[in-house]
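Below are the chains, spelled out letter by letter.
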Amino acid sequence: MPFHIEVATGRRHARSFNLTEEELGRTVLDPWLSDRPILLGDRKWKRGDEDSRLRILEGPELSIQDLAFSQGWANAERSASDVTTTVLEAATEGRRTQRGPATLVIHSDSPVQTLAEIVSGHDTETVSPEQLRDRIDGRDPAVAAVILVVQRD
C-alpha cells in the first residue's frame, strides 16, 4: 500500500502522497534519520529544526479527485492508518543492523610512516574525534572504511 507523509513545523507543513516503500525510505526516512534535510514543497525540513514532526500514513492510493481542492490529507487520514511510530522504529532498527563501514586495524612499528604511505596521493582532512564518531556511527553514508594505525608493542 502507498504511504502519505506530512512534515510540519508550527503552522507550516508540506505533504506528499502515494509514495512507494522505496520512495519513502530514500526521500524521507534516510534523510530524516540521518539529520539531513527532506526536500519537500518549497523548503527543506529537518528533524532537529524547531518542533519539526513527521507523520506517515499507510493506506489506499489516492486518486487525483481525492487530492483535489486541498482535500488530500483529510482523505488520507480517513482512509489510511497512522504508521509513523512503527515505520520509524523499523527504519531505525534496520539502520542499526546495516553493515557499517569496513574497519581495519594496522599494527606498525612506525604509525606515522604507515599513515603517510596510506594517504599518499589522496585528498585528506583532519577531523576531531567527535566529528569522526558521528561520521562512523552511520550518519554519513559516504564513509566506506575506517583505518586505525596503532604502535606495535
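Located above this text is the structure these notes cover.
Residues numbered from 1 in each chain as written. Predicted model: local features only at pLDDT ≥ 70, side-chain atom pairs only at ≥ 80, totals over all residues. Heavy atoms only, no water.

Chemist: Please set out the sheet that holds strand S5 (residues 53-58) residue by residue, giving values where relevant.
Modeler: With antiparallel pairing, four strands are arranged side by side in an open sheet as S2-S1-S5-S6. Single-partner strands in this sheet number two, and they are strand S2 (12-19) and strand S6 (81-82). Bridging between S5 and S6 involves two bridges; their strand directions are antiparallel. Following the sheet pairing, Glu-58 is matched in S6 by Ser-81. (Pairing = 2+ DSSP bridges. Helix = DSSP H or I, 4+ residues; strand = E, 2+ residues; numbered from the N terminus.)

Chemist: Quick rundown of the side chain of Glu-6? Include the residues and the values.
Modeler: Structurally, the position occupied by Glu-6 is in strand S1 (residues 3-9). Accessibility expressed as a relative area gives 10% for Glu-6, which makes it buried. Within polar-contact distance, the side chain of Glu-6 engages the side chain of Arg-15 at 2.7 Å. (Buried < 20%, exposed > 50% of the residue type's maximum accessible area, 1.4 Å probe, protein only. Polar contact = N/O pair within 3.5 Å; in protein donor to acceptor, adjacent residues only side chain to side chain.)

Chemist: Which residues make up a nonpolar patch on the surface, and what are the values?
Modeler: Residues Leu-104, Leu-115, Ile-118, Val-119 and Ile-147 make up a contiguous nonpolar surface patch of roughly 390 Å² in combined accessible area. For the nonpolar patch, the element with the highest residue contribution is helix H5 (residues 111-119), accounting for three residues. Residue placement: Val-119 occurs in helix H5. Since its relative accessible area comes to 31%, Val-119 is described here as partly exposed. (Patch = residues over 30% accessible without salt bridge, like charges linked within 9 Å, V, L, I, M, F, W, Y side chains within 5 Å. Areas by Shrake-Rupley, 256 points an atom, 1.4 Å probe, with all protein chains shown as cover. Salt bridge = Lys/Arg side-chain N within 4 Å of Asp/Glu carboxyl O.)

Chemist: Let's hear about the environment of Glu-117: which residues, and what values?
Modeler: Checked against the element boundaries, Glu-117 lands in helix H5. When the C-alpha atoms of Glu-117 and Arg-133 are compared, they prove to be 24 Å apart, with 16 residues separating the residues in sequence.

Chemist: Before we move on, could you go through helix H1 (residues 21-33) and cite the residues and values that matter?
Modeler: Compared with the 18 Å implied by 1.5 Å per residue over 13 residues, the 16 Å span of H1 between its first and last C-alpha is markedly short. At Thr-27, H1 is bent by approximately 25°, the largest bend along its length, and proline Pro-31 sits one to four residues beyond. Looking at H1, one finds that the buried residues are Leu-24, Gly-25, Val-28, Leu-29, Pro-31, Trp-32 and Leu-33. Positive phi appears at Asp-35, one or two residues downstream of H1, with a value of about 60°. (Expected span 1.5 Å × (residues − 1). Bend = angle between axes of the 7 residues up to and from the residue.)

Chemist: Describe the packing of aromatic side chains, and please don't skip the residues or the numbers.
Modeler: All chains considered together, the criterion is met by one aromatic pair. Seen from their ring centres, Phe-17 and Trp-73 are 6.2 Å apart, and the 55° between their planes marks the pair as tilted. Remark: Trp-73 occurs in helix H3 (residues 72-79) and Phe-17 occurs in strand S2; sequence separation between them is 56 residues. Here Trp-73 falls in the buried class, since its relative accessible area comes to 5%. For the cation-ring pair, Arg-43 lies above Trp-45, with the distance from its terminal atom to the ring centre recorded as 4.3 Å. (Phe/Tyr/Trp six-rings, centres within 6.5 Å; stacked < 30°, edge-to-face > 60°. Lys NZ or Arg CZ within 6 Å of the ring centre and 35° of its normal.)

Chemist: Describe the side chain of Ser-16, and please don't skip the residues or the numbers.
Modeler: By secondary structure assignment, the location of Ser-16 is in strand S2. On the basis of relative accessible area, Ser-16 is assigned to the buried category, the value being 18%. Residues in contact with Ser-16, not counting those within four places in the same chain, are Phe-3, His-4, Ile-5 and Leu-40. (Contact = heavy atoms within 4.5 Å.)

Chemist: Can you lay out the pattern of salt bridges for me, pointing to particular residues and giving the numbers?
Modeler: Counted under the stated rule, the structure contains five salt bridges. Here Arg-15 makes a salt bridge to Glu-6, at a shortest N to O gap of 2.7 Å. Between Arg-152 and Asp-109 there is a salt bridge whose closest N-O contact spans 3.6 Å. With Arg-152 in the segment after strand S8 (145-151) and Asp-109 in the loop between strand S7 (102-108) and H5, this pair connects stretches of sequence that are 43 residues apart. Classification of Asp-109 as exposed rests on a relative accessible area of 58%. Each of Arg-55, Glu-77 and Asp-82 takes part in one network of salt bridges that share partners.

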